[in-house]
Amino acid sequence: MLVLLAVSVTVFVLVRMIPGDPVRLMLSIEATDEDVERFRREIGYDKPIYHQYFIYLNNLLKGDLGASLRARRPVMEMILERMPATIELASAATIISFLIAVPLGTIAAYKRGTVFDHLFMFLTMIGQSMPIFWLGILLIILFSVQLGWLPTSGRGSFSQLILPSITLSTFFMALIARMTRSSVLEVLGQPYILTAVAKGLKEHVILFVHTIRNAMIPVVTVLGLQVGTLLGGSVITETIFAWPGVGRLAVSAIYNRDYPLIQGTILISAAIFVIVNLIVDLSYLILDPKIKYQ
Amino acid sequence: MSPPPKENERLDNANLTHRSHGRMAFRYLMGNTAAKTGLIIVAVWTLVAVLAPIIAPVDPNSQNLYNRLQRPLSRAVKGDTDFIFLLGSDSLGRDLLSRLIYGAKVSLFVGLASALGSLAIGCVIGALAGYIGGRTDEFLMALCDLQMAFPAILMALAIMAVLGSGVVNLVIVFTVTGWVQYARTLRAEILHIKEQDFVKASRALGAYPASIIMRHILPNAFSAILVLFSFQVAQMITMEAALSFLGVGVPTTIPSWGRILADGREFVYSAMWLSLLPGMCLMSLVAGIYFLGDALRDALDPLLVK
């Protein structure tokens with residue numbers, strides 16, 4: 001909560017530092033100075049800035065993020081309208097990353113030092129250093145321009161989801177895979193694994209119950225901290241693939257100097273970050289029964 | 001009972017182990033293929049960036065619309081007709097090779113300068129938080145949490161919209177968004193080292209906090225910070241390209257890989273090389289730095305180097 005309050009102050013101050021008169025920008029070129037002043041009073045931009053902030057905060061607590069200067073619609077409504085698209089893209093990317101990265105990372109840890117492991121380390125390194133916007137363009141060139149299999153942009157059908165979600169997931173896939181590998185290696189060296197082997201437990205029981213479950217704790221933690229990167233990545237991915245999500249909304253808000261909309265999108269991203277980290281904390285309960293919250 | 005060793009002797013010993021540790025790390029690096037590859041890539045790009053005015057065939061901004069979108073290896077249509085566009089030309093007839101060479105300059109400068117800036121601020125804040133502790137620590141760590149909650153790229157986009165595009169502005173933005181990791185690392189390191197006997201001893205001898213931080217804590221935290229630094233240079237280079245790609249990074253007059261890529265994106269159907277080549281440059285540099293940083297981490301880990 002405190003974090004969100006601080007974020008709201010920071011964003012508010014920052015956004016007001018953007019040069020150029022937003023009131024004039026909103027009106028057509030023919031507007032006279034009088035029109036500008038009248039409109040300024042109408043939307044409350046003539047009051048001192050701290051006063052404007054308190055009005056903003058008061059509305060915020062009621063769930064009202066103000067109205068977009070350009071679209072003249074409630075910011076909350078605009079964001080909520082775009083939210084499903086972003087959630088769809090982000091969860092598709094997260095699921096792809098986990099499904100591919102965790103098995104690969106575990107295999108690499110088991111086959112440490114082999115050709116597979118070296119190849120794994122090399123590929124994940126490439127995956128981590130691949131600039132997301134370039135990857136997006138490469139995929140478009142290969143699958144849309146050359147092969148003509150998949151559409152370059154838009155949202156609606158499943159085929160339109162494929163390229164953006166692969167683009168967004170690659171960095172995380174590489175990150176999670178590397179984390180899984182090192183984490184599994186560490187768990188395999190623990191005495192309780194030796195005990196499990198000595199007890200004569202079946203191999204898949206050791207793998208799923210003892211190894212992977214314990215190895216996931218650091219992986220999930222890092223994932224929570226990387227939610228910011230995921231949101232940032234979705235800004236770029238949405239721009240490349242013309243994906244109608246919150247990221248693109250934020251970018252166009254910044255270009256249009258749409259203050260309430262900029263504030264709203266950044267605030268919502270910060271809120272998502274806080275919430276996801278709360279979920280991460282709760283997921284420890286499932287992963288590690290020793291952790292109990294009062 | 002033998003007399004305790006003199007101050008000088010002990011210092012010599014300390015230096016000796018320090019030097020040989022460094023040498024061992026160096027030897028490890030040279031024996032590692034990935035590290036050598038990374039080092040070579042980074043060295044080549046650094047040379048390219050430094051020598052850009054000498055090795056670039058033409059001025060990266062000289063335009064000639066008659067020569068627009070020439071394929072790689074084709075001759076100029078107008079102007080100097082003997083001139084060959086080795087890597088083709090862009091939609092304004094500018095030589096892509098020259099633009100890519102100058103692009104290395106921007107990338108490396110922004111990467112290094114902003115990583116250094118973050119390092120300086122992060123270390124000061126981390127040192128204050130770790131050393132003073134209490135309220136100061138709580139406040140500074142809350143600041144870190146706050147910074148973490150912002151999506152870095154949105155934050156950078158918003159600040160760049162305020163400041164306007166420019167290389168110096170980029171460095172400022174990245175410094176503001178990048179210091180947290182250093183602060184956290186150094187703070188953790190200090191909390192660990194502060195309670196060790198040799199630090200308690202020097203405090204008892206009346207050493208100033210600043211001298212304790214400089215002489216005892218920084219050298220111990222050095223390897224962690226160096227590794228962080230190398231990764232951050234790579235991240236900042238990617239961020240610069242991303243922001244320039246979105247159109248708020250460096251101004252149009254300065255060639256930047258991200259900008260070239262964004263310009264070329266419109267021509268993926270007709271002039272694919274404009275999208276492929278800048279990305280390759282960017283990725284090779286970033287991967288080179290990652291390879292180097294990764295090997296550095298292993299090399300500086302005293303438990304791994306035997």
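Residues numbered from 1 in each chain as written. Chains lettered and ligands numbered in written order. Predicted model: local features only at pLDDT ≥ 70, side-chain atom pairs only at ≥ 80, totals over all residues.

### Points about the overall build of chain A
Turning to step 1, where the next piece is worked out: What chain A contains, in helices and strands, is 13 helices and zero strands.
Turning to step 2, where the next piece is worked out: By residue count, 37% of the 294 residues in chain A fall in the buried class.
Turning to step 3, where the next piece is worked out: Within chain A, contacts between residues at least 6 apart in sequence are counted, and of these 71% link residues at least 24 apart. (Helix = DSSP H or I, 4+ residues; strand = E, 2+ residues; numbered from the N terminus. Buried ≥ 20, exposed ≤ 12 C-beta atoms within 10 Å, placed from the backbone. Contact = placed C-beta atoms within 7 Å.)

### Side note on the overall build of chain B
Turning to step 1, where the next piece is worked out: Regarding its fold elements, chain B presents twelve helices and two strands.
Turning to step 2, where the next piece is worked out: Reading the helices (α) and strands (β) of chain B from amino to carboxyl end gives α-α-α-β-β-α-α-α-α-α-α-α-α-α.
Turning to step 3, where the next piece is worked out: The proportion of buried residues among the 306 residues of chain B is 44%.
Turning to step 4, where the next piece is worked out: Once local pairs closer than 6 in sequence are excluded, the contacts in chain B between residues at least 24 apart make up 70%.

### Focus on the interface of chain B and chain A
Accessible area lost during the coming together of the parts is what is often quoted as the interface size.
Turning to step 1, where the next piece is worked out: Contact with chain B, which involves 34 residues of that partner, is made by 35 residues of chain A.
Turning to step 2, where the next piece is worked out: Counting only elements with at least two residues in the side of chain B that touches chain A, the list comes to α5 (134–149), α6 (152–163), α10 (209–246), α11 (257–265) and α12 (273–300) of chain B.
Turning to step 3, where the next piece is worked out: For the side of chain B that touches chain A, the leading source of residues is α12(B), giving nine residues.
Turning to step 4, where the next piece is worked out: Looking at the side of chain B that touches chain A residue by residue, the class counts come to 28 nonpolar, three polar and three charged. (Nonpolar A, V, L, I, M, F, W, Y, C, P; charged D, E, K, R; others polar.)

### Some remarks on the environment of Gly111(B)
Residues and elements named next belong to chain B.
Turning to step 1, where the next piece is worked out: Structurally, Gly111 is set in helix α4 (residues 96–132).
Turning to step 2, where the next piece is worked out: With 59 residues separating them in the primary sequence, Gly111 and Leu170 have C-alpha atoms 9.8 Å apart.
Turning to step 3, where the next piece is worked out: In this structure, Gly111 is in contact with Val233, Met236, Ile237 and Glu240, ignoring residues within four places of it in sequence.

### A few points about the confidence of the model for chain A
Turning to step 1, where the next piece is worked out: Taken residue by residue, chain A gives an average pLDDT of 79. The fraction at 70 or more is 89%.
Turning to step 2, where the next piece is worked out: Highest mean pLDDT in chain A belongs to helix α5 (residues 75–110) of chain A (87); lowest belongs to helix α2 (residues 22–26) of chain A (64). (pLDDT = per-residue confidence, 0-100.)

### Digging into unusual backbone geometry
Turning to step 1, where the next piece is worked out: A positive phi angle, close to 50°, is found at Ala242(A), a residue other than glycine.
Turning to step 2, where the next piece is worked out: Mapped onto the secondary structure, Ala242(A) falls in the loop between α11 (227–240) and α12 (246–255).

### Some points on the nonpolar core
Turning to step 1, where the next piece is worked out: Ile176(A), Ala156(B) and Leu157(B) are the most contacted members of the largest nonpolar core, which has 150 residues in total.
Turning to step 2, where the next piece is worked out: Among residues more than four places away in sequence, those in contact with Ile176(A) are Ser97(A), Phe98(A), Ala101(A), Val102(A), Gly105(A), Val219(A) and Leu223(A). (Core = buried A, V, L, I, M, F, W, Y, C linked by C-beta atoms within 7 Å.)

### Details of the packing of helix α9 (residues 191–198) of chain A against helix α10 (residues 203–225) of chain A
Residue and element names in this part refer to chain A.
Turning to step 1, where the next piece is worked out: Close contact between α9 and α10 brings their axes to 11 Å; oriented N to C, the two are set at 160°. It follows that α9 is roughly antiparallel to α10 by the angle criterion. Classified by chirality, the crossing of α10 by α9 is right-handed. Facing α9, whose interface residues are Tyr192, Ile193, Ala196 and Val197, α10 presents Ile206, His210 and Thr211.
Turning to step 2, where the next piece is worked out: Of the residues in the contact of α9 with α10, the class split is five nonpolar, two polar and no charged. (Axes fitted to C-alpha atoms, helices over the stretch in contact; angles between N-to-C directions. Parallel < 35°, antiparallel > 145°, perpendicular 65-115°, else oblique. Left-handed = near helix turned anticlockwise from the far one by under 90°.)

### Remarks on the environment of Tyr56(A)
Residues and elements named next belong to chain A.
Turning to step 1, where the next piece is worked out: In this fold, Tyr56 is placed in helix α4 (residues 49–61).
Turning to step 2, where the next piece is worked out: Its 19 C-beta neighbours within 10 Å are what place Tyr56 among the partly exposed residues.
Turning to step 3, where the next piece is worked out: Apart from residues no more than four positions distant in its own chain, Tyr56 is found in contact with Phe12 and Gly66.

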